[in-house]
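# Structural characterization, general
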Amino acid sequence: MTAFNTTETMKMQKKMKTLLTAVALMCATACSDGFTYTTYPCYLVIDNSIHQNTTLAAAMTAASPGVFCTIRSNETKKKYLFSNNMGQTSETQFTAIDLRQTRSIGMNNAVVVGFGSLTGEFYAYDLECPECYDPNAVPNRSKPLDIHSDGNATCKVCHRTFNLNSGGNCTSDAGVKNMTRYRAATAGPFATLAVGN
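Residues numbered from 1 in each chain as written. Predicted model: local features only at pLDDT ≥ 70, side-chain atom pairs only at ≥ 80, totals over all residues. Heavy atoms only, no water.

## Some thoughts on the sheet that holds strand E10 (residues 169-170)
Rules: Any two strands with at least two DSSP bridges between them are considered paired. A helix here means a DSSP run of H or I that spans at least four residues, while a strand means a run of E at least two residues long, and both kinds are numbered starting from the N terminus.
With antiparallel pairing, 4 strands are arranged side by side in an open sheet as E7-E8-E9-E10. Of all strands in the sheet, those with a lone pairing partner are strand E7 (145-147) and E10, marking the two edges. Bridge count between strand E9 (residues 161-163) and E10: 2 bridges; the pairing is antiparallel. Paired with Asn163 across the bridge in E10 is Asn169.

## Concerning the sheet that holds strand E4 (residues 89-93)
Filter applied, for reference: The axes are straight lines fitted to the C-alpha atoms, using for helices just the contacting stretch, and the angles between their N-to-C directions are given from 0 to 180°.
Here 8 strands make up an open sheet; going across it, the order is E1-E12-E11-E6-E5-E2-E3-E4 and the pairing antiparallel. Edge strands, defined here as strands with exactly one partner in the open sheet, are strand E1 (43-47) and E4. Averaged over all pairs of adjacent strands, the angle between strand axes in this sheet comes to 20 degrees, irrespective of strand direction. For strand E2 (residues 68-74) and strand E3 (residues 79-84), the ladder comprises 6 bridges, and the chain directions are antiparallel.

## Notes on the packing of aromatic side chains
The following threshold applies: We call Phe, Tyr and Trp rings a pair once their centres come within 6.5 Å, taking the six-membered ring for Trp, and we label the pair stacked below 30 degrees between planes, edge-to-face above 60, and tilted otherwise. Throughout this description, buried means an accessible area under 20% of the type-specific maximum (1.4 Å probe, protein chains only), exposed means over 50%, and partly exposed covers the range between.
One pass over the full model with this rule turns up 4 aromatic pairs. Pairing Tyr80 with Phe82 gives two aromatic rings, centres 6.1 Å apart and planes at 35 degrees, and the pair type is tilted. What makes Phe82 buried here is its relative accessible area of 3%. The rings of Tyr80, Phe82 and Phe94 are connected pair by pair, giving a single aromatic cluster.

## Re the pattern of salt bridges
Heads up, the rule is: Only one rule defines a salt bridge in this text: a Lys or Arg side-chain nitrogen within 4 Å of an Asp or Glu carboxyl oxygen.
All chains considered together, the criterion is met by 4 salt bridges. Here Arg181 makes a salt bridge to Glu121, at a shortest N to O gap of 2.9 Å. In this pair, Arg181 sits in strand E11 (residues 181-186) while Glu121 sits in the loop between strand E5 (111-115) and strand E6 (122-126), placing the two residues 60 residues apart along the sequence. Owing to a relative accessible area of 33%, Glu121 belongs among the partly exposed residues under this scheme. Of the charged contacts in the structure, one is a salt bridge between Arg160 and Asp173, with a shortest N-O distance of 3.0 Å.

## What to know about the pairing of strand E12 (residues 192-196)
On a regular strand, one side chain projects to one face of the sheet and the next to the other, so that they alternate. The buried fraction of E12 amounts to 5 of the 5 residues, a majority that puts the element mostly inside the structure. A two-sided burial pattern is seen for E12, the buried positions comprising Thr192, Ala194 and Gly196 on one face and Leu193 and Val195 on the other. Bridge analysis of E11 against E12 gives 4 bridges, and the strand direction is antiparallel. Looking across to E12, one finds that Ala184 is bridged to Val195. From the end of E11 to the start of E12, which pair antiparallel, there are 5 residues, and Gly188 there has a positive phi angle of about 140 degrees.

## Side note on unusual backbone geometry
Of note, the bond from Val138 into Pro139 is cis; its omega dihedral lies within 30 degrees of zero at 0 degrees. Mapping Pro139 onto the fold places it in the loop between E6 and E7. At Lys78, a residue that is not glycine, the phi angle is positive and equals roughly 60 degrees. Position of Lys78 among the secondary structure elements: in the loop between E2 and E3. Accessibility expressed as a relative area gives 37% for Lys78, which makes it partly exposed.

## Thoughts on the confidence of the model for the chain
Threshold: Per-residue confidence from the predictor is reported as pLDDT, a score between 0 and 100. By definition, residues are in contact when any of their heavy atoms lie within 4.5 Å.
Residue-level pLDDT values for the chain average 87, and 82% of them are 70 or greater. In this model residues 24-35 is a low-confidence stretch, pLDDT under 50, and it forms 9 contacts with partners more than four residues away in sequence or in other chains.

Set out below in structure tokens:
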């Protein structure tokens, strides 16, 4: 019984160390953001060393910029849903750690993460169109962007195009807001992903 508790304690300490490292990376980049990021509540931590999800891993690989993964959660079925702009889709059950964590996944339960091919920077975007979606509207209707294999996102409502590879700027209309961004950090494809603000 003691050996089991010691092993479990060591595993938990390792996971906490990984989480704290991810949070430290987010804090280190927070000071230089120049008001780039939104203050809209978002908090998501996924330990991909446990989930081993290849759809998510493809977007967390610095060596493959331009791959972007949309992350959603199904709280009823207790699972994460992943789809990337290269056509991969998958899902994975919440772990015991995931069940204990609080999640707030963007404005409408969807964020997009990946390394930009033009900047090499790791990005996290909200999936809602920054021009069409109003989180304060009643009724609250989603205006999600479609993510394409070329690293662009388009809105079905306003038909504007945004470039995920260069910070979410609008490429089809001057003077339009950039995509909503969150702070994000990853230590590699099968490490911890942390998204927040």
